[in-house]
Protein chains: 2
Amino acid sequence: MQPYILIVEDEPDIVELLKYNLEAADYEVGIARDGDEAEISVAERQPDAILLDWMLPGVSGIELCRRIRRRPETRMLPIIMLTARGEETDRLRGLDSGADDYVTKPFSPAEVIARLRAVLRRALPSTAVETLEYEDIMLDLAGHRVERAGRNIHLGPTEFRLLRHLMEHPGRVYSREQLLDAVWGRDIYVEARTVDVHIRRLRKALNEGDAADLIRTVRSAGYALDKAG
Amino acid sequence: MQPYILIVEDEPDIVELLKYNLEAADYEVGIARDGDEAEISVAERQPDAILLDWMLPGVSGIELCRRIRRRPETRMLPIIMLTARGEETDRLRGLDSGADDYVTKPFSPAEVIARLRAVLRRALPSTAVETLEYEDIMLDLAGHRVERAGRNIHLGPTEFRLLRHLMEHPGRVYSREQLLDAVWGRDIYVEARTVDVHIRRLRKALNEGDAADLIRTVRSAGYALDKAG
DNA sequence: CACATCCATGCAAATCTGGTTGATCCTTGG
DNA sequence: CCAAGGATCAACCAGATTTGCATGGATGTG
């Protein structure tokens, strides 16, 4: 999936220039013509980086930058300022207001793209593997949340760990003993049959409504996460 | 604790200039005169950022930059290139080789420090943002104030830090131990159950009136800031 | 000293967990 | 094809944990 870049700029020529070059460099591009449009756009779909004009009608670029920094979910969003001014004090204000970098007009598209790459290189890893997905199940490790088809699902601690383990290798069959080791702990003694009970609970929670059962029972072997038997 | 900055530069005058200004700006400063010294120094004590001369005796700046990027533990280390060259292609090579930013000589110390701050802000998440927002909660770091839906909320110091920590990563679950570390301090001993008490106070203060509870309890895991359970 | 804040603790309620049991399903042998 | 036997499922229960909440004493500050 290509990084999605939001351009916030009111001069159509510059928008065109950037859009053309960014798309040629295989980025996805969104446009906002002023600060308000930009805020709405960011709320709708969070970009991977923003190219932000310093001089905007309405809300100034510097103010928009501050607003974006204020919300935790966009605090780390890389912002590159586009500015016509070359004076040092202004550049400093730009950086201090929270921009990650700036480019002075007139700029070459190649330079913008190089800076974009530099800035994305730092930002992307933060979208680390904190979620597991399988089919329409989404499991958020950091938030201890599970969703199925967008709907929130509540699981107890043991069911959560069980699902997590299954989702780490979808399609693989785990014996009751393996599951006990991995989910309950290596030297805990519980009945193997107990796994059945928790599998059942997990199924019940996941299939709430009338969704398809994604847990496959393998007779005399164990269980696996995949569709249909 | 002040950020520790490593200067990699062979010209004594420039080293002096930077060292003086950085220390005046309350940074801790280390010096390396060439690439090898720099590598050893980084291995001994990892800096929070590196100011790196492009032209070095021995290993070139660009090569050192690549080496640093190669090791996982220093991959994210912010690097600012100091370069005498102004031509665009060289600047691009610098950014592409993995530098986070560059400054062309002759540079003003103020600009270097501004860029350093920008680069550290990204690396040390907590710097430089003065307000946080989540849903209708607004937390003003500088003023130690909290508002919910425009209404002022009074919190004690511990509750304030607790809320602040939760607001820095909404949706993420923190265990009692993590919260004790982050909010109380790394080597303070208090009962883990005490966290419950403060969570309760925080809830009580935030939900004054009949606002929705935004703190989610995750059984056997901890607490998170988000809506719905 | 008065006030604000913090921490430990005890109890009750909520929730989770592991086990039991009978019904049901599947496999296999005749 | 049918029946027997083993394995799995579903509902329920009781004990164990965990959390919520109230309180009282401790600590610090002006």
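Residues numbered from 1 in each chain as written. Chains lettered and ligands numbered in written order. Predicted model: local features only at pLDDT ≥ 70, side-chain atom pairs only at ≥ 80, totals over all residues. Heavy atoms only, no water.

Visitor: Quick one: what's the story with helix H7 (residues 176-184) of chain B, residue by residue and with numbers?
Guide: Residue and element names in this part refer to chain B. All of the buried residues in H7 are Leu 179, Leu 180, Val 183 and Trp 184. The buried residues of H7 occupy one face: seen down the axis, they fall within an arc of 105 degrees. Buried residues belonging to H7 abut helix H6 (157-168), helix H8 (193-206) and strand E11 (222-225). One or two residues past the end of H7 sits Gly 185, with phi positive at roughly 130 degrees. (Buried < 20%, exposed > 50% of the residue type's maximum accessible area, 1.4 Å probe, protein only. Helix = DSSP H or I, 4+ residues; strand = E, 2+ residues; numbered from the N terminus. Arc of directions from axis to C-beta. Contact = heavy atoms within 4.5 Å.)

Visitor: Could you give an account of the packing of aromatic side chains, with specific residues and numbers?
Guide: Pairs of aromatic rings are described using the distance from one ring centre to the other and the angle between the two planes. Applying the stated rule across the entire model yields zero aromatic pairs over all chains. Its guanidinium or amino end placed over the ring of A:Tyr4, A:Arg45 lies 3.8 Å from that ring's centre, counting from NZ or CZ. (Phe/Tyr/Trp six-rings, centres within 6.5 Å; stacked < 30°, edge-to-face > 60°. Lys NZ or Arg CZ within 6 Å of the ring centre and 35° of its normal.)

Visitor: Which residues make up the protein's contact with DNA strand D, and what values go with them?
Guide: Near DNA strand D lie 18 residues; those nearest to it are A:Arg193, A:Tyr223, B:Arg193, B:Arg200 and B:Tyr223. Here the atoms of DNA strand D within 4 Å of the protein split so that 62% fall in sugar or phosphate, with bases taking the remainder. Contacts to DNA strand D include B:Arg176, whose side-chain N or O atom sits 3.2 Å from a phosphate oxygen. Interatomic distance of 2.6 Å between a side-chain N/O atom of B:Tyr223 and a phosphate oxygen of DNA strand D. Counting only elements with at least two residues in the surface near DNA strand D, the list comes to helix H8 (193-206) of chain A together with H8 and strand E10 (215-218) of chain B. Ranked by residues supplied to the surface near DNA strand D, first place goes to H8(B) with four residues. A class-by-class count of the residues in the surface near DNA strand D yields four nonpolar, four polar and 10 charged. (Near = heavy atom within 4 Å. Polar contact = N/O pair within 3.5 Å; in protein donor to acceptor, adjacent residues only side chain to side chain. Nonpolar A, V, L, I, M, F, W, Y, C, P; charged D, E, K, R; others polar.)

Visitor: Give a description of the side chain of B:Arg216 that names residues and reports values.
Guide: Examined against the element boundaries, B:Arg216 turns out to sit in strand E10. Reaching out from B:Arg216, the side chain makes a polar contact with the backbone oxygen of A:Gly143 at a distance of 2.6 Å. Within the structure, B:Arg216 has its side chain in polar contact with the side chain of B:Asp226 (distance 2.8 Å).

Visitor: I'd like to hear about the sheet that holds strand E4 (residues 79-83) of chain A, residue by residue, with values.
Guide: Residue and element names in this part refer to chain A. Strand order across the open sheet formed by five strands is E2-E1-E3-E4-E5, with parallel pairing between neighbours. The open sheet is flanked by strand E2 (28-32) and strand E5 (101-104), the only strands paired with a single partner. Recorded for the sheet is a direction-independent mean angle of 20 degrees between the axes of neighbouring strands. Relative to E2, strand E1 (residues 4-8) is paired through five bridges, and the arrangement is parallel. Counterpart to Tyr 4 in the pairing with E2 is Glu 28. Relative to E1, helix H2 (residues 35-44) is tilted by about 165 degrees, and along the sheet it contacts E1, E2 and strand E3 (49-53). Strand contacts of helix H3 (residues 61-70): E1, E3 and E4, with the helix running at about 175 degrees to E4, the strand carrying the most contacts. (Pairing = 2+ DSSP bridges. Axes fitted to C-alpha atoms, helices over the stretch in contact; angles between N-to-C directions.)

Visitor: Give me the protein's contact with DNA strand C: which residues, what numbers.
Guide: Surveying the vicinity of DNA strand C reveals 27 residues, the closest of which are A:Thr158, A:Thr194, A:Arg201, B:Thr158 and B:Thr194. Expressed as a percentage, the sugar and phosphate content of the atoms of DNA strand C within 4 Å of the protein is 68%. Between a phosphate oxygen of DNA strand C and a side-chain N or O atom of B:Thr194, the distance comes to 2.7 Å. Going through the elements one at a time, helix H6 (157-168) and H8 of chain A together with H6 and H8 of chain B are the ones with two or more residues in the surface near DNA strand C. Residue composition of the surface near DNA strand C, grouped by class: eight nonpolar, nine polar and 10 charged.

Visitor: I'd like a description of the environment of A:Thr217, backed by residues and values.
Guide: Residue and element names in this part refer to chain A. Its place among the elements puts Thr 217 in strand E10 (residues 215-218). With 21 residues separating them along the chain, Thr 217 and Asp 196 place their C-alpha atoms 10.0 Å apart. Once residues lying within four places of it in the same chain are set aside, the contact partners of Thr 217 are Arg 203, Gly 222 and Tyr 223. Polar contacts involving the side chain of Thr 217 include one to the side chain of Arg 203, which spans 2.7 Å.

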